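# Structure assessment
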Amino acid sequence: MGKTLALAGNFAAAYASKQINPQVVAAYPITPQTTMMEKFSEYVANGEVDTELVCVESEHSAMSACVGAAAAGGRVITSTAANGLALMFEVVYIASSLRLPITMCVMNRALSGPINIHGDHSDAMGVRDSGWIQIFNENPQEVYDTMFQACKIGEHKDVRLPVMVNLDGFITSHKIERVDTLDDKQVTDYIGPFETMYSLIDTDNPVTYGPLDLFDYYFEHKRQQVEAMKHALPVAKSVMRDYSKQFDRDYDIMEDYYLDDADYAIVTMSSTAGTTKFVVDKLRAEGKKVGLLKLRLFRPFPAEEVREKLAGLKQIAVLDRSDSFGAFGGPLFTEVRNALYELDERPGVVDYVFGLGGRDINAEQITSVYERLMSATERLAGDVNYLGVRGE
Amino acid sequence: MTLKGWNEVPMAGLVLDAGNAAEYHTGDWRTERPVWDEEKCKHCMQCWITCPDTAIQVKDKKMIGIDFDYCKGCGICADECPFDAIDMIEEDLEAE
Ligand code: SF4
Ligand code: SF4
């Protein structure tokens, strides 16, 4: 095992990137991602990595450079947040369509406007249909370990898709916590050399990337992406489980906390899961049958697994750290509730949109959500609520 | 040509071999057809130089005709010919 370090989420991501030692990193600074790239630039300047660091003029160019480097056949890492991801949007789709396994950290931050630099999930949710694998992480330790898992999942020959490693802006990106690291050699052995498929610079085996693809074949190529996403689910499961076995960790595509005998549960992602565990502990000590389902893998969405985990519960509240304006609830709510439709006896499911623009969520608020679930006398009927906003 | 299923083609629309432009019959696109008047032609090769689809057929330094598998009917040759030896007429799509 490697050293135990005190690392903020961004430094955990940078340290993992150093150990991965990718061929190319192309990124543009944006709060709250900046310190990851600052740290990584230091590694480059000190000669601690062999990486070609491309300092581009925008996020659109950052992802474009990543696409080029990945098509050439290199392992590639980048990172961004909020408006940076929005500026990348076009090329984010191109990266997944060209089936390029790039790893991108997103320090989840509210999209403008009004301008706000703090954490919510609106950036990542804006690209949830883009064909990227999306993993949400609770704390710096998870961010660190997920960086290596991301390589394994995205680079798998049945998948070949880019992976977004999400962490809550400021809350996780700047929070210093204990991180148990791996030795450099453990990392190198685990991820192995990057296996290039269809290198753009292999002149013996020439290949054209991105030709015009009209009504005769575009649909077929989209169908291939669907298939790759289908494969990504079992691959993500086995990668996370193997990783846990190999390095004495406990990862899976989701984490359940006191769910087995629970009647009432919260479903959420990222750092809020930590606060929710604190509340579950407190309520369990009072004998309340409450639990938590924390999703790590959001794309591909593990509908069957979510259904299995939540079957038999009485009432469920989904905590969504972004809204989907005009939709029936936030993005996590619509997925979770949809997944439960096949059950004969469906639990009540309600949505709580919270934490927009970095608004704090505290134990009292989460307790009030559990209290509502526990006091309901009938099956709750899919209402959408706003937690922690004034004027309700 | 029978079109293939999603599981029979390379991923991402990649084209896995080079120099395959000849397999793409741009003649499909034609809505106008160049008609060459051999009498007026001075074999100056202006059409051959300017045709974007190398559809002008040449033998022994003489223009001998147009390859309609590739001629997309753009009319550049007709425009460039200094001797008005090429005329563009409407393609008879019904006859195809
Ligand atoms: S440009 Fe006109 S004259 Fe010259 S070769 Fe072509 S058809 Fe003949
Ligand atoms: S019409 Fe266009 S494509 Fe056809 S022979 Fe003339 S220049 Fe070439």
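Source: prediction; values computed, not measured.

## Thoughts on the pattern of salt bridges
Residue and element names in this part refer to chain A. Tallied over the entire structure, the rule returns 28 salt bridges over all chains. Note that Arg296 is salt-bridged to Glu142, the shortest N-O span being 2.9 Å. Placement of Arg296 in the loop between strand E11 (290–295) and strand E12 (297–299) and of Glu142 in helix H6 (residues 140–155) is noted, with a sequence separation of 154 residues between them. Looking at Arg296, the relative accessible area reads 2%, which means it is buried. In this structure, the salt-bridge partner of Arg223 is Glu227, at a minimum N-O distance of 3.0 Å. In this pair, Arg223 and Glu227 are both assigned in helix H8 (residues 218–247), four residues apart and thus about one turn of the helix distant. Residue classification places Arg223 among the partly exposed residues on the basis of a relative accessible area of 27%. Overlapping salt bridges bring together Glu138, Glu142, Glu255, Lys277, Lys294 and Arg296 as one network.

## Description of the packing of aromatic side chains
Residue and element names in this part refer to chain A. This model, assessed by the stated rule, comprises 13 aromatic pairs over all chains. Each ring, one from Tyr144 and one from Phe148, has its centre 5.0 Å from the other, and the planes form 85°; the classification is edge-to-face. On the criterion of helical spacing, the pair formed by Tyr144 and Phe148 is a turn pair, its members being four residues apart in helix H6. With a relative accessible area of 0%, Tyr144 lands in the buried category. Assessed through its relative accessible area of 0%, Phe148 is described here as buried. With 6.3 Å between their ring centres and 55° between their planes, Tyr243 and Tyr251 make a pair best called tilted.

## Considerations on the nonpolar core
Residues and elements named next belong to chain A. If you look at the biggest cluster of nonpolar residues, it comprises 106 residues, and the most contacted ones within it are Met63, Ile102, Ile133, Phe148 and Leu310. Broken down by element, the residue count for this core peaks at ten residues, all from H8. Mapped onto the domain boundaries, this core takes at least three residues apiece from domain 1 (4–247) and domain 2 (254–387). Ile102 has contacts with Met63, Cys66, Val67, Ala70, Val76, Thr78, Ala95, Trp132, Pro162 and Val163, leaving out every residue within four places of it along the chain.

## Things to note about the interface of chain A and chain B
Across the boundary between the two partners, chain A contributes 17 residues, which contact 14 residues of chain B. Carbon and sulfur atoms supply 69% of the area buried between chain A and chain B, which totals about 1,500 Å² over both sides. Its largest share of buried area at the contact with chain B, chain A owes to A:Tyr198, A:Tyr217 and A:Gln224, together 33% of the area lost on that side. The interface formed by chain A and chain B holds zero salt bridges in total. Counting the contacts that link chain A with chain B gives seven residue pairs in polar contact (both at pLDDT 80 or more). For the side of chain A that touches chain B, the element with the most residues is H8(A), which contributes five residues. Looking at the side of chain A that touches chain B residue by residue, the class counts come to seven nonpolar, four polar and six charged.

## A word on helix H12 (residues 363–375) of chain A
Each α-helix winds once per 3.6 residues, and so residues spaced three or four apart point in a common direction. Residues and elements named next belong to chain A. Taking 1.5 Å per residue, 13 residues should reach 18 Å; H12 reaches 18 Å between its end C-alpha atoms and fits that length. Those residues of H12 that fall on the buried side of the exposure criterion are Ala363, Gln365, Ile366, Thr367, Val369, Tyr370 and Leu373. Those residues of H12 that are buried lie in contact with strand E10 (264–269), helix H9 (272–285), E11, strand E13 (315–320), strand E14 (348–354) and strand E15 (384–387). Near the N-terminus of H12, the side chain that reaches the backbone nitrogen of Glu364, with its oxygen 3.2 Å away, is that of Asn362.

## Observations regarding the site of ligand 2
The full set of residues close to ligand 2 is B:Pro34, B:Cys51, B:Pro52, B:Ile56, B:Ile66, B:Cys71, B:Lys72, B:Gly73, B:Cys74, B:Gly75, B:Ile76 and B:Cys77. Among the residues making up the shell around ligand 2, the classes are represented as nine nonpolar, two polar and one charged.

## Here's the deal with the domain arrangement of chain A
Residue and element names in this part refer to chain A. Along its sequence, chain A is organised into domain 1 (4–247) and domain 2 (254–387). Taking the mean C-alpha position of each, domain 1 and domain 2 sit 28 Å from one another. Facing 29 residues of domain 1, the contacting portion of domain 2 comprises 25 residues. Carbon and sulfur atoms make up 54% of the area that domain 1 and domain 2 hide from each other, which totals about 2,200 Å². Along the contact surface separating domain 1 from domain 2 lie six salt bridges. Two residues, Glu138 and Lys294, come together in a salt bridge whose shortest N-O distance is 2.8 Å. Here domain 1 is connected to domain 2 by 19 residue pairs in polar contact (both at pLDDT 80 or more).

## Structural notes on the sheet that holds E14(A)
Residue and element names in this part refer to chain A. Pairing is mixed in the open sheet, where six strands are placed in the order E9-E11-E10-E13-E14-E15. With one partner strand each, in any of the chains shown, strand E9 (254–257) and E15 form the two edges of the open sheet. For this sheet, the mean angle separating the axes of adjacent strands, direction not counted, is 20°. Along the sheet, H12 makes contact with E10, E11, E13, E14 and E15, crossing E10 at roughly 140°.

Rules used throughout
Residues numbered from 1 in each chain as written. Chains lettered and ligands numbered in written order. Predicted model: local features only at pLDDT ≥ 70, side-chain atom pairs only at ≥ 80, totals over all residues. Heavy atoms only, no water. Salt bridge = Lys/Arg side-chain N within 4 Å of Asp/Glu carboxyl O. Helix = DSSP H or I, 4+ residues; strand = E, 2+ residues; numbered from the N terminus. Buried < 20%, exposed > 50% of the residue type's maximum accessible area, 1.4 Å probe, protein only. Phe/Tyr/Trp six-rings, centres within 6.5 Å; stacked < 30°, edge-to-face > 60°. Core = buried A, V, L, I, M, F, W, Y, C linked by side-chain atoms within 4.5 Å. Domains from an automatic or database assignment. Contact = heavy atoms within 4.5 Å. Buried area = accessible area lost by both parts, 1.4 Å probe. Polar contact = N/O pair within 3.5 Å; in protein donor to acceptor, adjacent residues only side chain to side chain. Nonpolar A, V, L, I, M, F, W, Y, C, P; charged D, E, K, R; others polar. Expected span 1.5 Å × (residues − 1). Near = heavy atom within 4 Å. Pairing = 2+ DSSP bridges. Axes fitted to C-alpha atoms, helices over the stretch in contact; angles between N-to-C directions.

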